[in-house]
Structure formats: C-alpha cells, structure tokens
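Architecture and fold: a report
The lines below spell out each chain.
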Amino acid sequence: MNWQMSGIIVSVAVWCALGLVYFAPAVRRALLACSRVARDYPGRAAFGALAACVFVLYGGTKPAGIDVQTFTDDSGNKWFYRDTDNATKAEILAVAAADEENMDLVVPDKVGYLCDNDASKLPVTAIATNAFVEEADKLKSIVVPSSVTTLATGTFANFSALTNVTVGVGTLATASISNCPALVSLKISAAEGEAQTIATHAIVDCLALSAVDLGAATSLASGAIATCPSLKSLTVPGSIGNLAAGALAETGLTNVTLESGVETIAVGALPSTLEALSVPASVTGFAGNLFKDYLNLESVTIAEGALSSGVGAGAFSNCVKLASIALPVSCQTVGASAFHGCSKLAGATFSAVTTIGESAFYGTKLGEVVLPNTLTSLGESAFAANA
C-alpha cells in the first residue's frame with residue numbers, strides 16, 4: 001500500500017512538473033533563467049538558483065543564504081541578480097520576461113524586495129555577458145540605465161530581432177553591440193557630466209543601423225563604430241573635445257556635424273566617404289593632410305571664430321569635388337598645398353589671412369582673386385595652373 005501511494009505521489013509530481021514546464025511560459029522561462037544562472041555561476045549551486053526561482057514565482061521572504069535573488073518590475077518582468085561589492089551593488093544575471101511576444105525591456109536601475117523602500121535597494125551596476133542570450137531571437141528593444149558602468153563584450157551579440165537600443169553606461173566594450181541585423185536605432189544617454197567611452201569596434205556589423213545618437217559621449221576610440229553601412233549621417237557632440245584618429249574611419253558616413261566643444265580633428269578621424277562637414281567655432285584648426293584625397297567631399301561649412309591656428313599644409317589636397325570654401329576671419333594662415341588639386345574649386349573667401357603658402361591653391365578653378373590687405377606672405381605658385 002505504501003509502495004502504491006509512493007508511486008501515485010511520484011506520478012503526480014512528475015505530471016505537475018511537466019505541466020509547469022510546458023504549459024506555463026513564465027515558469028518555463030524562470031526555470032531556464034535559473035539553469036543559466038547555475039551554469040554561469042556554479043559556485044553558487046543549482047539549489048540557490050532553484051530556490052530563487054521558487055521565490056520569484058510564488059512570492060515569500062528572502063531565502064536565507066541564497067546568492068541569486070529576484071526582483072519583479074512594474075511590467076511583471078522578473079530579474080535575476082546577485083549582490084556584488086559586499087552587497088552594495090547588483091549584477092543582472094537573467095530575466096524572465098512577462099511578454100514573450102512583444103519583448104521590450106527596461107533594465108531596472110535598482111533592485112530589491114517588494115517590501116524594501118527605494119533607498120535600501122541596490123543600484124544595478126553590471127549586466128552579465130550572456131544575461132539575455134535566451135532572448136536573442138525575441139528581444140526587440142532595451143533600455144540600459146546609466147547606473148550600469150560597462151556594457152561587456154558580447155552583451156548584445158547576434159540578437160536577430162533587436163531594433164532599438166538605449167544605453168547610459170560609462171563604457172561600451174569592444175563588440176558589446178555586434179551583428180544585430182535588425183538594429184536601426186542606437187541612443188547613448190550617459191548621465192550629464194559623466195565620462196562615457198566607446199571602445200574600438202564597440203558597435204560593429206549592424207547592417208541596418210541608420211540612426212545613432214551619441215548623447216554626451218566623451219570618447220570615441222579608433223573604429224568605435226564599424227561596418228554599419230546604413231549609417232550615413234552623424235552628429236558628434238561637443239563633449240568629445242578631441243576626435244581621435246580612426247574614430248569614424250570605418251563607417252560609411254557622408255554627412256557629419258561637429259557640435260560646439262569639439263576642438264581638434266585628428267588625421268584619419270573621419271571616413272573618406274565624407275561629402276559634407278559642418279565645423280563649429282570651437283575647432284582650432286585643420287591639421288596638415290586632414291582631408292587629403294577625400295574624393296567625395298563637396299561641402300565644408302565653417303563657423304566664424306574657427307580655425308584660429310589656420311589650415312595646415314595639404315589639408316584639402318586633391319578634394320576634386322569641393323566647389324567652394326569660405327574661411328572665417330579668425331583664420332589667418334593657409335598652408336602650402338592646402339587646396340592643391342581641388343579642380344572644381346571656383347570660389348574661395350579668405351578675407352583676413354596673413355599667410356598663403358606655396359601652391360596653396362594650385363590647380364583650382366579660381367579665376368580673378370582679390371587678395372586681402374592683411375596678407376603679408378604669399379608663397380610661390382600659390383595660385384598657379386588655375387583654369
């Protein structure tokens with residue numbers, strides 16, 4: 001009799017477990033999340049993850065001695081996390097989304113128990129690399145709060161359904177957002193005044209990406225955005241005071257606007273596909289060979305007050321589509337061969353220059369040129385071979 005009763009109990013338990021797994025999606029996803037936590041953090045034991053799962057599904061008090069904990073947000077998403085730094089911070093490990101069909105997630109900036117007041121909750125400062133791996137083919141949009149310090153390599157790698165990402169993190173690591181074929185919009189929104197770095201190839205191989213808002217980013221590493229052929233236009237915020245060599249060289253950008261605050265542009269910072277550039281007064285000068293052989297460059301708009309250190313030697317050499325240039329009064333020096341070989345250049349304004357270097361406008365379409373009375377030095381062949 002006891003044996004028969006035991007058999008019945010085991011059978012009921014098995015069928016209940018199967019029912020939970022196969023007929024309750026939220027439970028199934030929670031169990032998947034727990035198994036992932038146990039896999040990635042074996043030192044914490046599968047029991048800890050399972051207990052956390054039971055806690056999140058059925059409610060209750062904080063399980064004693066359990067490292068993996070849970071938090072349910074206002075949308076019903078269940079977040080699995082662990083305490084870090086002596087229980088002063090939290091790292092997101094996984095999520096069981098409330099809506100699997102329309103998966104739009106907002107990562108909480110704080111986590112804790114429902115009975116906790118906001119002040120006692122832990123700030124979310126990290127996201128495990130594969131926290132969302134089970135959602136790679138379902139996640140459509142996500143917002144990552146500024147409390148997260150770093151978006152690790154591979155956090156959003158190979159997410160086929162992801163279309164929109166908003167991140168406020170301090171650092172976007174290499175390949176943190178990579179090979180997301182449906183991604184069309186990326187917004188970077190760091191807290192005001194905080195440093196925000198975008199590492200080499202942080203945003204890479206996102207073929208549909210057409211809109212990027214850099215927010216108040218403070219640093220773009222060489223090749224920060226790469227192989228995103230649909231991205232044609234970009235505004236570089238003034239918080240990036242110095243645009244480093246190669247920063248945008250691996251993009252296919254055609255239009256770039258630099259906001260006030262950008263001071264220097266390194267040689268090779270901008271792609272050779274560039275067609276139009278807008279330069280603010282804060283840019284102190286154009287380095288030598290800065291745009292040499294930019295064969296697609298047609299338009300450069302320069303604000304008054306810019307280029308106090310002048311236009312360097314060969315800065316626009318062989319820009320064969322550049323039709324006109326208006327140098328501000330603040331620009332007093334045009335280096336040697338600065339516009340050499342700009343065969344379509346038919347209009348140039350330089351009303352306050354003091355020095356024009358050798359072959360500065362050699363081989364352009366400039367006709368009659370009126371030199372300003374401020375000019376004190378005119379290099380040899382400065383206007384030679386003009387059509």
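This section reports on the structure supplied with the text. (Residues numbered from 1 in each chain as written. Predicted model: local features only at pLDDT ≥ 70, side-chain atom pairs only at ≥ 80, totals over all residues. Heavy atoms only, no water.)

**Considering the nonpolar core**
Going by this rule: Buried Ala, Val, Leu, Ile, Met, Phe, Trp, Tyr and Cys residues form a nonpolar core when they are joined through side-chain atoms within 4.5 Å. For each residue, the accessible area found with a 1.4 Å probe, counting protein chains only, is set against the maximum for its type, and the residue is called buried under 20%, exposed over 50%, and partly exposed in between. Numbering goes from the N terminus for both helices and strands, where a helix is a DSSP run of H or I of at least four residues and a strand is a run of E of at least two. Throughout, a residue-residue contact means that at least one pair of heavy atoms, one from each residue, lies within 4.5 Å.
Counting 100 residues, the largest nonpolar core has Phe132, Phe286, Phe291, Phe316 and Phe339 as its most contacted members. With six residues, strand β3 (residues 89-96) is the largest single contributor of residues to this core. Every residue in contact with Phe291, bar those within four places of it in the chain, is listed here: Leu270, Leu274, Leu277, Phe286, Leu297, Ala315, Phe316, Ser317 and Cys319.

**Comments concerning the pattern of salt bridges**
For clarity, the threshold we go by: By definition here, a salt bridge exists when the distance from a side-chain nitrogen of Lys or Arg to a carboxyl oxygen of Asp or Glu is within 4 Å.
On inspection of all chains with the given rule, the structure shows three salt bridges. Residue Arg82 is joined to Glu91 by a salt bridge in which the shortest nitrogen-to-oxygen separation is 2.7 Å. With a shortest N-O distance of 3.2 Å, Lys89 and Asp85 are connected by a salt bridge. Residue class for Asp85 comes out partly exposed when judged on its relative accessible area of 45%.

**Describing the sheet that holds strand β7 (residues 139-144)**
For clarity, the cut-off: One bridge is not enough; two strands pair if DSSP finds at least two bridges between them. The convention used is that axes are lines fitted to C-alpha atoms, helices contributing only their stretch in contact, and that angles between N-to-C directions extend from 0 to 180 degrees.
The strand order β4-β7-β10-β13-β16 describes an open sheet built from five strands, whose pairing is parallel. Looking at which strands have only one partner, the edges of the open sheet turn out to be β4 (103-106) and β16 (211-213). Averaged over all pairs of adjacent strands, the angle between their axes in this sheet comes to 5°, without regard to strand direction. Here strand β13 (residues 185-188) runs beside β16; their pairing, made up of three bridges, is parallel. Its bridge partner being in β16, Leu186 is matched across the sheet by Val212.

**Here's the deal with the environment of Glu298**
Mapped onto the elements, Glu298 comes out in the loop between β23 (276-279) and β24 (299-302). In this structure the C-alpha to C-alpha distance between Glu298 and Glu275, which are 23 residues apart in sequence, comes to 5.3 Å. With residues near it in sequence (within four places) discarded, Glu298 still touches Glu275, Lys321, Leu322 and Ala323.

**Overview of the packing of aromatic side chains**
As a reminder of what qualifies: In this scheme Phe, Tyr and Trp rings, the latter by its six-membered ring, pair at centre separations within 6.5 Å, and the angle between planes marks the pair as stacked below 30 degrees, edge-to-face above 60, and tilted otherwise.
Tallied over the full model, the rule gives 12 aromatic pairs. Ring geometry for Phe156 against Phe159: centres 5.5 Å apart, planes inclined by 80°, an arrangement best described as edge-to-face. Each member of the pair, Phe156 as well as Phe159, carries the same accessibility label: buried. Three or more aromatic residues joined by ring pairs form one cluster here, namely Phe286, Phe291, Tyr294, Phe316, Phe339, Phe350, Phe361 and Phe383.

**Description of the side chain of Asn77**
Applicable threshold: Within 3.5 Å is the distance limit for a polar contact, defined as a pair of N or O atoms, with the added protein rule that one can donate a hydrogen and the other accept it, and that residues adjacent in sequence qualify only through two side-chain atoms.
With respect to the helices and strands, Asn77 occurs in the loop between β1 (68-72) and β2 (78-84). A distance of 2.8 Å separates a polar side-chain atom of Asn77 from the backbone nitrogen of Ala98.

**Examining the sheet that holds strand β21 (residues 255-258)**
Spatial ordering of the open sheet is given by β19-β21-β23-β24, a layout of four strands whose pairing is parallel. Here the strands that pair on one side only, and so sit at the sheet edges, are β19 (233-236) and β24. Strand after strand, the sheet turns through a mean of 10° between neighbouring axes, direction not considered. Sheet topology places β21 next to β23; three bridges connect them, and they run parallel. Looking across to β23, one finds that Thr257 is bridged to Ser278.

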